[in-house]
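Survey of secondary and tertiary structure
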Amino acid sequence: MALERAAIPRRGRGLEGARATLRSPSALLDAGVIEADRLPALERVAAEFAVAVTPGLAELIDPADPADPIARQFVPDERELEISAEEQADPIGDEAFSPLKGIVHRYPDRVLLKPAHVCPVYCRFCFRREVVGPGGDALDAAELDAAIGYIRDHAEIWEVILTGGDPLMLAPRRLAAIVEALSAIEHVAVIRLHSRVPVVDPARITAELLAALDTEKALYVVLHSNHAREMTPAAAAACRSIVRAGIPMLGQTVLLKGVNDDAAVLTELFRMLVAHRIKPYYLHHADLARGTGHFRTSIEAGQALMRALRGRVSGLCQPTYVLDIPGGHGKVPIGPDYLAEAGMVEDYRGGTHAYPPKAET
Ligand SMILES: *Cc1c(COP(=O)(O)O)cnc(C)c1O
């Protein structure tokens with residue numbers, strides 16, 4: 001299948017010809033994304049947490065807008081050096097549930113498999129920011145064999161979730177080998193990949209990559225996207241080619257202050273996803289990762305946003321709002337909930353109504 005390619009919109013700020021990913025504050029300065037006076041502080045942030053902004057994303061940033069939602073997600077910020085007491089290096093407790101390198105087995109029927117340690121971009125709010133990055137620790141061939149062996153040896157594993165690091169950063173040949181090995185395990189019914197690549201580096205979604213994902217098993221791609229502006233024409237073409245390859249797509253979003261903590265922004269985002277045949281799956285409450293306090297909202301604010309959407313926006317556009325409980329206790333839906341007091345249910349406008357208890361039979 002030929003991949004449709006659409007041009008990434010250009011804003012002409014001297015980036016033409018400079019198509020490399022921006023990997024340092026000085027590269028961001030040269031590209032006109034940051035001002036020179038921020039350089040020393042941002043160098044300190046970059047020493048702590050990896051930086052990468054793809055050229056397509058850099059061109060989406062409006063440097064005249066100090067509150068630009070794309071810049072806020074990817075351009076390092078001085079506030080990342082402010083670490084609060086409740087923040088943790090491993091905020092959702094991956095480590096405690098890792099029986100061997102590259103596997104996290106928290107729930108009985110599914111595991112995470114983390115074959116890659118790099119991402120196309122480094123989100124400033126990432127909950128794995130301590131472990132992903134160019135200096136990270138990928139699985140070597142023997143470690144990958146051992147991880148796949150663990151899945152083979154545990155018949156209760158029904159689903160394997162490739163995450164990381166971004167699994168679509170793997171070379172198609174390596175990805176094909178992993179998909180093939182997992183597909184050969186009888187008890188594995190579903191393979192799920194969580195990725196940001198289709199929106200942040202759509203040129204990676206090639207016919208060769210799609211061929212690597214071709215399997216008899218059910219394979220899903222879950223796209224991580226936090227703002228409607230991320231869906232450039234090139235990103236839309238990449239998503240379309242994934243769906244046309246027979247791969248269902250779901251969306252996951254992190255609720256982020258100053259990026260999408262607004263009912264109109266979330267409505268536009270979830271409608272954009274559904275209009276691209278991507279079903280919003282989870283809205284994640286931002287995790288307690290180190291140096292990310294400026295991104296977190298309260299849970300009450302997240303519930304109010306979900307309430308604002310319910311009933312006013314298509315049910316297809318409603319993700320489940322979830323919290324990953326620190327310590328590795330798993331994800332739970334955190335509302336809002338519409339059962340008022342006993343026997344009463346609330347409608348989306350806030351009116352309450354009696355609902356009869358189940359009659360004795
Ligand atoms: C998030 C997560 C999953 C997937 O959870 P779903 O609710 O099935 O999307 C599985 N394992 C671990 C360790 C996770 O953190």
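We now turn to the structure provided with this report. (Residues numbered from 1 in each chain as written. Predicted model: local features only at pLDDT ≥ 70, side-chain atom pairs only at ≥ 80, totals over all residues. Heavy atoms only, no water.)

1. What to know about the packing of helix α10 (residues 263-275) against helix α11 (residues 299-309)
For clarity, the cut-off: Every axis corresponds to a line fitted to the C-alpha atoms, with the helix fit spanning only the stretch in contact, and the corresponding angles, defined between N-to-C directions, vary from 0 to 180 degrees. Helix and strand assignments follow DSSP, with helices taken as H or I runs no shorter than four residues and strands as E runs no shorter than two, numbered in order from the N terminus. Our angle categories are set so that under 35 degrees counts as roughly parallel, over 145 as roughly antiparallel, 65 to 115 as roughly perpendicular, and the remainder as oblique. Should the near helix be turned anticlockwise from the far one by less than a right angle, the crossing is left-handed, and should it be turned clockwise, the crossing is right-handed. Note on contacts: a residue pair is in contact if any heavy atoms of the two residues lie within 4.5 Å. Classification convention: Asp, Glu, Lys, Arg as charged; Ala, Val, Leu, Ile, Met, Phe, Trp, Tyr, Cys, Pro as nonpolar; all other residues, Gly among them, as polar.
One can describe the packing of α10 onto α11 by two numbers: an axis separation of 10 Å at closest approach and a directional angle of 60 degrees. The orientation of α10 with respect to α11, classified from their angle, is oblique. Pair α10 / α11 crosses with right-handed handedness. Packed against α10, whose contacting residues are Ala263, Leu266, Thr267 and Phe270, the element α11 presents Leu305, Ala308 and Leu309 at the interface. Classifying every residue of the contact of α10 with α11 gives 6 nonpolar, 1 polar and no charged.

2. With respect to the pattern of salt bridges
Note the threshold: Put simply, a salt bridge is a Lys or Arg side-chain nitrogen that is within 4 Å of an Asp or Glu carboxyl oxygen. Relative accessibility under 20% of the residue-type maximum defines a buried residue, over 50% an exposed one, and the middle range a partly exposed one, all with a 1.4 Å probe and only protein chains included.
By the definition in use, this model includes 19 salt bridges. Across the pair Glu48 and Arg290 runs a salt bridge whose closest N-O atoms are separated by 3.2 Å. Residue Glu48 is found in helix α2 (residues 39-48), and its partner Arg290 is found in the loop between β7 (278-285) and α11; the two are separated by 242 residues along the sequence. Relative accessible area serves as the criterion here: at 44%, Glu48 is assigned to the partly exposed category. In this structure, Arg204 engages Asp201 in a salt bridge whose closest nitrogen and oxygen atoms are separated by 3.1 Å. Judged by relative accessible area, which is 33%, Arg204 ranks as partly exposed. What emerges from the salt-bridge pattern is a single network uniting Asp94, Arg106, Lys114 and Arg128.

3. Quick notes on the side chain of His224
Condition: Definition of a polar contact: a pair of N or O atoms within 3.5 Å, with one able to donate and the other able to accept a hydrogen when the atoms are protein atoms, and with sequence-neighbouring residues admitted only if both atoms are side-chain atoms.
Within the secondary structure, His224 sits in strand β5 (residues 218-224). One polar contact links His224 to Asn226, side chain to side chain, over a distance of 3.1 Å. Ignoring sequence-local partners within four residues, the contact set of His224 consists of Cys123, Phe125, Ser195, Arg196, Val199, Glu230, Gln252 and Val254.

4. Structural notes on the environment of Asp337
Relative to the assigned elements, Asp337 resides in the loop between β9 (330-333) and β10 (344-346). Separated by 30 residues in sequence, Asp337 and Arg307 have C-alpha atoms that sit 9.0 Å apart. In terms of polar contacts, Asp337 uses its side chain to reach the backbone amide nitrogen of Leu339, at 2.8 Å.

5. Quick word on the sheet that holds strand β8 (residues 320-325)
This is how the line gets drawn: In this scheme, strands are said to pair when DSSP sees at least two bridges between them.
Judged by pairing direction, the sheet is mixed, and its 9 strands sit side by side in the order β1-β2-β3-β4-β5-β6-β7-β8-β9 without closing on themselves. Where the open sheet ends on each side, the last strands, each with one partner, are β1 (103-107) and β9. Across the sheet, the axes of successive neighbouring strands diverge by a mean angle of 25 degrees, strand direction being ignored. Pairing geometry for strand β3 (residues 159-162) and strand β4 (residues 190-195), over 4 bridges, is parallel. From the neighbouring strand, Glu159 faces β4, where its bridge partner is Val190. Across the sheet, α10 touches β5, β6 (249-255) and β7, and the angle it forms with β7 is around 145 degrees.

That is the geometry; function is a separate question.
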